[in-house]
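Fold and contact review
Residue-level listing of the chains:
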Amino acid sequence: MSGTTTEEPDDGAHGLPALIAARRAKAQTLRQTDRSAFPYAFARPTPVAEVLGAYEHLQVGEETDERQRVAGRLAARRGHGKSAFLDLVDRTGKIQLHARSDVLGGEAFERLTSLDVGDLIGVDGSAMRSRGGEISLRVEDFQVLAKALRPPPDFHHGLADVQTRYRRRELDLIANEPTRKLFIDRAKIISAVRSYLDAQDFIEVETPVLQPLYGGALARPFTTHHNELDRELYLRIATELYLKRLIVGGLEKVYELGKDFRNEGVSTKHSPEFTMVEFYEAYADYNDAAQRTEEIIRAAAQAVQYSGEIDFQGSWRRVRFVDAITEATGIDLMAHRDASALGREISARELGLATDGLTWPQMADDLLAKFVEPTLIQPTFVFDYPLELSPFAREHRSQAGLAERWEAFAGGIEIANAFSELNDPDVQRARFEEQQSLAAQGDEETQPYDEIFIEALEQGMPPTGGVGIGLDRLVMLLCGRDSIREVVLFPAMRD
RNA sequence: GGGCCGUUAGCUCAAUUGGCAGAGCAGGGGCCUCUUAAGCCCAAGGUUGUUGGUUCGAUUCCAACACGGCCCA
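Here is a short report on the structure shown in this document. Worth saying up front: this structure is predicted, and the values here are computed from it rather than measured.

The rules behind the values
- Residues numbered from 1 in each chain as written.
- Chains lettered and ligands numbered in written order.
- Predicted model: local features only at pLDDT ≥ 70, side-chain atom pairs only at ≥ 80, totals over all residues.
- Heavy atoms only, no water.
- Helix = DSSP H or I, 4+ residues; strand = E, 2+ residues; numbered from the N terminus.
- Buried < 20%, exposed > 50% of the residue type's maximum accessible area, 1.4 Å probe, protein only.
- Contact = heavy atoms within 4.5 Å.
- Areas by Shrake-Rupley, 256 points an atom, 1.4 Å probe, with all protein chains shown as cover.
- Axes fitted to C-alpha atoms, helices over the stretch in contact; angles between N-to-C directions.
- Parallel < 35°, antiparallel > 145°, perpendicular 65-115°, else oblique.
- Left-handed = near helix turned anticlockwise from the far one by under 90°.
- Nonpolar A, V, L, I, M, F, W, Y, C, P; charged D, E, K, R; others polar.
- Pairing = 2+ DSSP bridges.
- Near = heavy atom within 4 Å.
- Polar contact = N/O pair within 3.5 Å; in protein donor to acceptor, adjacent residues only side chain to side chain.

As a further point, take the overall build of chain A. If you tally the helices and strands in chain A, you get 16 helices and 16 strands. By principal-axis analysis of the C-alpha atoms, chain A measures approximately 90 × 55 × 50 Å. The buried share among the 495 residues of chain A stands at 49%. Here the contacts in chain A between residues at least 6 apart in sequence split such that 64% fall between residues at least 24 apart. Within the structure as shown, chain A displays about 24,500 Å² of accessible surface, and the carbon and sulfur contribution to it stands at 49%.

Further remarks concern the packing of helix H7 (residues 177-199) against helix H9 (residues 286-303). At their nearest, the axes of H7 and H9 sit 8 Å apart, and the two run at 140° to each other. One finds that H7 runs oblique with respect to H9. Note that H7 runs across H9; the crossing there is right-handed. Taken together, the residues of H9 that come into contact with H7 (itself represented by Lys 188, Ile 189, Ala 192, Val 193, Tyr 196 and Leu 197) are Arg 292, Glu 295, Ile 296, Ala 299, Ala 300 and Ala 303. Residue composition of the contact of H7 with H9, by class: nine nonpolar, no polar and three charged.

Hydrogen bonds along the backbone pair up the strands of a sheet, which may run parallel or antiparallel. On the basis of which strands lie adjacent, the open sheet formed by three strands has the order S7-S9-S8 and antiparallel pairing. The sheet is open, and its two borders are formed by strand S7 (210-211) and strand S8 (223-226), each paired with just one other strand. Pairing of S7 with strand S9 (residues 231-235) involves two bridges; the strand directions are antiparallel. When the sheet's bridge partners are listed, Leu 210 is paired in S9 with Leu 235.

Take the protein's contact with RNA strand B next. Residues in contact with RNA strand B amount to 44 residues; listed here are only the nearest, Gly 79, His 80, Ser 130, Glu 134 and Gln 163. Atoms of RNA strand B within 4 Å of the protein belong to the sugar or the phosphate in 61% of instances, the rest to bases. Residue Glu 134 places a side-chain N or O atom 2.5 Å away from a base oxygen belonging to RNA strand B. Within the contact set of RNA strand B, a sugar or linking oxygen lies 2.9 Å away from a side-chain nitrogen or oxygen of Arg 167.

Here Thr 46 lies in the loop between helix H1 (15-33) and helix H2 (48-54). Not counting residues within four places of it along the chain, the set of residues in contact with Thr 46 comprises Val 51, Gln 68, Arg 69, Val 70 and Asp 90.

Have a look at this one:
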């Protein structure tokens, strides 16, 4: 063998650098031998799924002279000397290509079979069904559309490393068909939500992401700085207060769909930036809001043909907050209406829940989160929250100390939150003052006093029902994922 | 913040009580005109996450750290 192998100059490169060098050398050859090796466009390819659908009728071994044009990424190659099978993948599916030296000519055949898995190509070929029974295209002409200089992840095993899948989502999308489907389904869900609201005459609006004051939820904000104005600004934690000002303004039915930001811990259910839709309807209350929420989520489930264990099509269960806690723990919240009484009751029942230093509403919230929420698999509205947990909700029309607020749960997680919106400016002012007092006691998740919002309410806001739906969590449920990072394209990661 | 688990070739995964780190795919050189995880032959490919420690010898045992996953708070 000595002196007979000259095929590859050994520059000492191994591993990934060698793989890249080999591909770059091929790219260089393409540039030198084919002036159109890196074209600017490839006119109107047909989606693979459409081609496959059009030739279901072909018999095994049947060939046609109907030319089809497809474009996509080379996913596999099975060479047979003077012929070869290749798999081409686009957004809609995978189609097999059959290349024959006698059809293409030796030079083109050689050029095609020397491509690498991962390269992007465009193909014109005639439809056929192979002897193996697979609908295929016999390649008659092809064009390299872009050379891949880095090797793709293994197309058969997919990309398994979770960290790489999140940090390099493009590789996840290339290698894992379920990931492609997930994000296409996510788009269908978002689109279904918009379509519902548009069809019901809600107006889509855009309110500030950078806000002088944050509000509308109990959460810590991100802060940033505007150089020209030389002032601190907050990234919004909710769109609530601006949307209600638009209700004051007479837009009557408005919605905003977009990102909110909360400077809190990350978990499988929490992301520092997340997608929320909030919609507000004048002259409606939280009962109307519940009905709309059922309808929206029903439409979203239908959009992705959801067929899991959760029944989104029927009418959702409704349970009162205090009843849900009594059912789960035996505790009668209303009979223990202060922190020390409830703390004693929780301790007496040995629920394993810490109570030291917690306020009554915090304990009530903890009881729901720990003993009720995980059991709510089928869609459920939990109605009538303690007033203290709901600074923007009206007090219940017949039950003192409770708010006209519900949260919706499914699959054991919270997916939506709604109120009969508080529209009495003097009561709202008092609620802000309570929040300020809590902040003074060290609570970091309180509402800053928003005088402009109060003045807006003083102009008169009609009775209004408002809802916020966490769309990432909705996607999780409808697409069967158990982590929010799975349904966000580029989740936040440590450096 | 705490506990448990993980990190080995471009990708997917092995490695016995601590004893020369292996395979499939991809990539390179050949053969092959219906395969589909194509097949066959040949050659090549590794700072075993990082830094220390124990040891004659560490992917393996210990510690710290980094990143990630799961559970708990």
